[in-house]
Amino acid sequence: AFRRTASQRTTVDEAMDDVHHISVFIERPPSEVYEFASDPCNLPRWAAGLARSAVTPEGSRWVVDAPFGRVTVRFAQRNEFGVMDHDIELESGEVIHNPMRVVQHGSGSELTFTLFRQPGMSDERLDKDRRAVERGARPLAETDLEL
């Protein structure tokens, strides 16, 4: 059997505090959710914490004005698995990887976004980012949203 030492448990427990899986049920088929959420032009409609304005294509990247500066976004290639991972490149050149998936859940979908604590990020900043992702997911869950 695998046993962790006290110091390993502390490290694992701390690492778990550094990851948040934010999930929302959406009463739409996964294909519709994927089509809407994977289109960078729709970012301002559901990811206001990231996109304040229209998204502009620039090669394989998309440029957007975020609350924290001008950033570029690059989504995973279109796929049949509901994977919408995307990288956000900050003005500093730092790249933040954001895993995101949509999967079948009964007659609807479950959208899950994984938020990682970035190096040097305070608890307050992590909580603020978590709340921003949760707020952004709400419009996707509204049944009257035109997908």
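So, the pattern of salt bridges
Thinking step 1. On inspection of all chains with the given rule, the structure shows 12 salt bridges.
Thinking step 2. Across the pair aspartate 127 and arginine 130 runs a salt bridge, and its minimum N-O distance is 2.2 Å. Taken as a pair, aspartate 127 and arginine 130 lie in helix H4 (residues 123–141) at a separation of three residues, close to a single helical turn.
Thinking step 3. Each of Asp127, Arg130, Arg131 and Glu134 takes part in one network of salt bridges that share partners.

Some points on the side chain of asparagine 42
Thinking step 1. Here asparagine 42 shows up in the loop between helix H2 (30–37) and helix H3 (43–46).
Thinking step 2. Looking at asparagine 42, its side chain comes within polar contact range of the main-chain oxygen of phenylalanine 36, at 3.0 Å.

Things to note about the pairing of strand S8 (residues 108–116)
Thinking step 1. Burial runs high along S8: seven of the nine residues are buried.
Thinking step 2. Sheet topology note: the strand S1 (residues 19–26)/S8 ladder contains eight bridges and is antiparallel. Of the residues in S8, the one forming a bridge with histidine 21 is threonine 114.
Thinking step 3. With six bridges joining them, strand S7 (residues 100–105) and S8 adopt antiparallel strand pairing. The partner of methionine 100 across the bridge, within S8, is phenylalanine 113.
Thinking step 4. Remark: two residues form the turn of the hairpin made by S7 and S8, two consecutive strands paired antiparallel; glycine 106 in that turn has positive phi of roughly 60°.

So, the sheet that holds S7
Thinking step 1. Taken in spatial order, the three strands make up an open sheet running S1-S8-S7, and their pairing is antiparallel. On the outer flanks of this sheet lie S1 and S7, each paired with one strand and no other. Each strand of the sheet is rotated relative to its neighbour by a mean of 20°, with strand direction disregarded.
Thinking step 2. Against the sheet, H2 makes contact with S1, S7 and S8, and its axis sits at roughly 160° relative to S7, the strand it touches most.

Structural notes on the environment of valine 95
Thinking step 1. Looking at the secondary structure, you find valine 95 in strand S6 (residues 95–98).
Thinking step 2. Judged by its relative accessible area of 46%, valine 95 falls in the partly exposed class.
Thinking step 3. Note: C-alpha distance between valine 95 and valine 73 (22 residues apart in sequence) is 9.4 Å.
Thinking step 4. The residues contacting valine 95, other than those within four sequence positions of it, are Asp87, Ile88 and Glu89.

Cut-offs used in this document
- Residues numbered from 1 in each chain as written.
- Predicted model: local features only at pLDDT ≥ 70, side-chain atom pairs only at ≥ 80, totals over all residues.
- Heavy atoms only, no water.
- Salt bridge = Lys/Arg side-chain N within 4 Å of Asp/Glu carboxyl O.
- Helix = DSSP H or I, 4+ residues; strand = E, 2+ residues; numbered from the N terminus.
- Polar contact = N/O pair within 3.5 Å; in protein donor to acceptor, adjacent residues only side chain to side chain.
- Buried < 20%, exposed > 50% of the residue type's maximum accessible area, 1.4 Å probe, protein only.
- Pairing = 2+ DSSP bridges.
- Axes fitted to C-alpha atoms, helices over the stretch in contact; angles between N-to-C directions.
- Contact = heavy atoms within 4.5 Å.

Function-wise, these values are silent; they only describe arrangement.
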